[in-house]
Amino acid sequence: MGRLSRLIAGCAGITVAVLGAVNTRTLDDGVPPDGLSPAPAVALLPAGIALLLHAAPIAAGPAGRIRSGAAALLALGAAVLGTAGLGDSPAAAVAVALTGLALAALDLRLPPRDGAGAFRVADPLLLGAAIITLVALVPRLFDAAGTDSVMPRHQAFAVLALVAGAILARPESGPLRTLGSSGPRLSLRRLAPVLVATSLVAALTSVLARRTGVSPAAAAVSTGIILAVLALLALLAFGVRTLDKAGQRQRNLLAELRDREEFAQTLLQSMNEAVMVLDVNYRVIDVNRRWRELTGNPDNEPEPPPLPPPGTGLDWTLPRADGTRVPVLATMAAIPDAAGSTRGYVATCIDIAERKRAEEALSEHAADLERGNAQLAAALAFKNDLTSMLTHDVAQPISSIASLAELLCDDWADLPDDIRLELATKIDKNTRRLIKMMNDLQLLFRLDTGKVTARRVPVPLREVAEAAGGGADVDIAVDAELTALADRGHVAVVVENLLKNALTHGSPPVRVRAWREDATTVRLVVEDSGTGIPDEVLPRLFGRFIKGAGLGLFIVRHLVEANGGSVRYEAVTPQGARLIVDLESAPA
């Protein structure tokens, strides 16, 4: 459509230029025809060339600007030549001048105002030229005599061709665009009656002027001026109506924008998630009700709190106004514009404090289960160790007592007295051993349940060591004045078990020594001359059960620790075992 309209406009420009050239040649010959005004006739040549340049395809760059400038200069020249003929043919001069000005301002538009579209300057000029030309042609319908003095027919048709060509040269703007647009427009159905009425008014005015004796030229110009004023008033009314409609559309759009803004604000405030909207420079634009509740700030924060980078969602802690922090699931998202550039950010925080508390409670419950399982495993190990010890260590003295007692009872009369005494002594020894085991087990149960408490008093270590030695082959080197702050009964059991372990598993001589290590510590050492303790036994030396070793060292460790001390093992060079006990020194 655009290519065809420009082609027609170009043909119109060529036709008018040829007609202007013919008129120029005729005037040069010095024989002008009747009614031909020299200046408007000559102006048709530059006007036609200007229209031809405008109808050519639009080109960008310097070439296009040069062509547009040349067309504007030619059109202005045509307008100047047209005004030069006002004395000879006013109607033709005015029509040609208006057409030249319209071609010069064909691409000139006033900026849009108050919602209306851009206004093309050439449109009213072309309308005025067309009305004047039609007024000059209509009287021919009623009285053909002398009408060439108003405007020659070929010149009138040339002006109409220029008007039509100027409209077709720019189909994307002007009346063609107005007729085809979706906005306010004049349809052909409305435009046709106006054109008919204009022609009739022009004809009647011309006839009336002729009958009253007014010259045809004056009647045509006057009628054209009146119709042009009426057309301008109509255009003004149409513009006012268009502006009113544009203003109403603008008011409707503003109301719609307010409704959308209110809806968006209501939607933002009704969200259960805490939302903060930021601009591209991380300045706070708005926050919703849930954000204020979560942070404890009644108003918008001037600066946003630390947030995760855009495009991420992380477990985060959000600071509150009272200085505490609340765990949240924070998401930071960029807000793009139509071009894809970031125009702002939206931060969303979901309160996960309840979830964190549930996770912590679940973790604590799992830890309790693990501790319970460990305790059950320890109890099961204790049961198995206890069963093993009862099977081996307790069953042996019971079996020995039972066998010796049976032998003594069955052969009492036949046994000499020394044998009877030996058997009774062995039964007594095994019985004491069994009682010692039962006492150790009872103490073991009390230690395992945490019911053993220490009543610490100053304890003379030499006295305790001599009582525990009981006449055995033990070398005691302890100062009589040396005392430790501990439970006397516990210290006695510790020394007794250490000596028993040295005498049972080591070799004589067994030595007991003690001294003041420093101002607050007393050190007690029990040392034998045996082969020492194997390396594979050392990790569990003070454990609950060691096969063949009983409960002695386990009880030693717990009793020493109950009194605030410690016990450890050292190997003796070249051979032997040394058990070292550190206790708190009693005040002097």
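Residues numbered from 1 in each chain as written. Predicted model: local features only at pLDDT ≥ 70, side-chain atom pairs only at ≥ 80, totals over all residues. Heavy atoms only, no water.

Peer 1: In this structure, what is going on with the overall build of the chain? I would like to understand it.
Peer 2: Helix and strand counts for the chain come out as 15 helices and 14 strands. Here the chain holds 588 residues, and the buried ones make up 36% of them. As displayed, the chain has an accessible area near 32800 Å², and 61% of this comes from carbon and sulfur atoms. (Helix = DSSP H or I, 4+ residues; strand = E, 2+ residues; numbered from the N terminus. Buried < 20%, exposed > 50% of the residue type's maximum accessible area, 1.4 Å probe, protein only. Areas by Shrake-Rupley, 256 points an atom, 1.4 Å probe, with all protein chains shown as cover.)

Peer 1: Any chance you could explain the packing of aromatic side chains here in plain terms?
Peer 2: What the rule picks out here adds up to one aromatic pair. When the centroid spacing of 4.7 Å and the interplanar angle of 20° are considered together, the rings of Tyr282 and Tyr345 count as stacked. Remark: Tyr345 occurs in strand β7 (residues 342-351) and Tyr282 occurs in the loop between β3 (274-279) and β4 (284-287); sequence separation between them is 63 residues. With relative accessibility at 11%, the residue Tyr345 sits in the buried group. Over the ring of Trp412 we find Arg420; its NZ or CZ atom is 4.3 Å from the centre of that ring. (Phe/Tyr/Trp six-rings, centres within 6.5 Å; stacked < 30°, edge-to-face > 60°. Lys NZ or Arg CZ within 6 Å of the ring centre and 35° of its normal.)

Peer 1: Even after reading the chapter, I still don't get the packing of helix α5 (residues 122-137) against helix α6 (residues 153-169), so can you show me in this structure?
Peer 2: A pair of packed helices can be characterised by two numbers: the angle between their axes and the separation between those axes. At their nearest, the axes of α5 and α6 sit 10 Å apart, and the two run at 150° to each other. Regarding the angle of α5 to α6, the classification is roughly antiparallel. In this structure, α5 crosses over α6, and the sense of that crossing is left-handed. Contact residues: α5 offers Leu126, Ala129, Ala130, Thr133 and Leu137, while α6 offers Ala156, Phe157, Val159, Leu160, Val163, Ala166 and Ile167. Classifying every residue of the contact of α5 with α6 by side-chain character gives 11 nonpolar, one polar and no charged. (Axes fitted to C-alpha atoms, helices over the stretch in contact; angles between N-to-C directions. Parallel < 35°, antiparallel > 145°, perpendicular 65-115°, else oblique. Left-handed = near helix turned anticlockwise from the far one by under 90°. Contact = heavy atoms within 4.5 Å. Nonpolar A, V, L, I, M, F, W, Y, C, P; charged D, E, K, R; others polar.)

Peer 1: Sorry if this is basic, but what is going on with the environment of His54 here?
Peer 2: As for its placement among the helices and strands, His54 is situated in helix α2 (residues 38-55). Look past the residues within four positions of His54 in its chain and what remains in contact with it is Ala71, Leu103, Leu106, Asp107, Ala169 and Arg170.

Peer 1: What is the right way to read the pattern of salt bridges from this model?
Peer 2: Oppositely charged side chains can pair when the atoms bearing their charge come close. Applying the stated criterion to the full structure yields 26 salt bridges. The salt bridge partner of Asp279 is Arg283, with a shortest N-O separation of 3.1 Å. The exposure class assigned to Arg283 is partly exposed, which follows from its relative accessible area of 46%. Notably, a salt bridge pairs Asp428 with Arg432, separated by 2.9 Å at the nearest N-O pair. A residue pair is termed a helical-turn pair when its members lie 3 or 4 positions apart in one helix, as Asp428 and Arg432 do in helix α12 (residues 417-448) at four residues. Accessibility expressed as a relative area gives 37% for Asp428, which makes it partly exposed. On the accessibility criterion, Arg432 (57% relative accessible area) is exposed. (Salt bridge = Lys/Arg side-chain N within 4 Å of Asp/Glu carboxyl O.)

Peer 1: Please explain the pairing of strand β11 (residues 510-516) as it appears in this structure.
Peer 2: One face of the sheet, then the other: side chains in a regular strand alternate in exactly this way. Pairing of strand β9 (residues 474-477) with β11 involves four bridges; the strand directions are parallel. Bridging across to β11, Val474 finds its partner in Val510. Pairing geometry for β11 and strand β12 (residues 521-527), over six bridges, is antiparallel. Across the sheet, the residue bridging to Arg516 is Val522, located in β12. Hairpin connection of β11 to β12: four residues between the antiparallel strands. (Pairing = 2+ DSSP bridges.)

Peer 1: Can you help me understand the environment of Glu496 in this one?
Peer 2: Tracing the sequence through the fold places Glu496 in helix α14 (residues 488-505). Measuring from C-alpha to C-alpha, the distance between Glu496 and Val464 comes to 8.9 Å, with 32 residues separating the pair along the chain. Not counting residues within four places of it along the chain, the set of residues in contact with Glu496 comprises Lys436 and Ala468.

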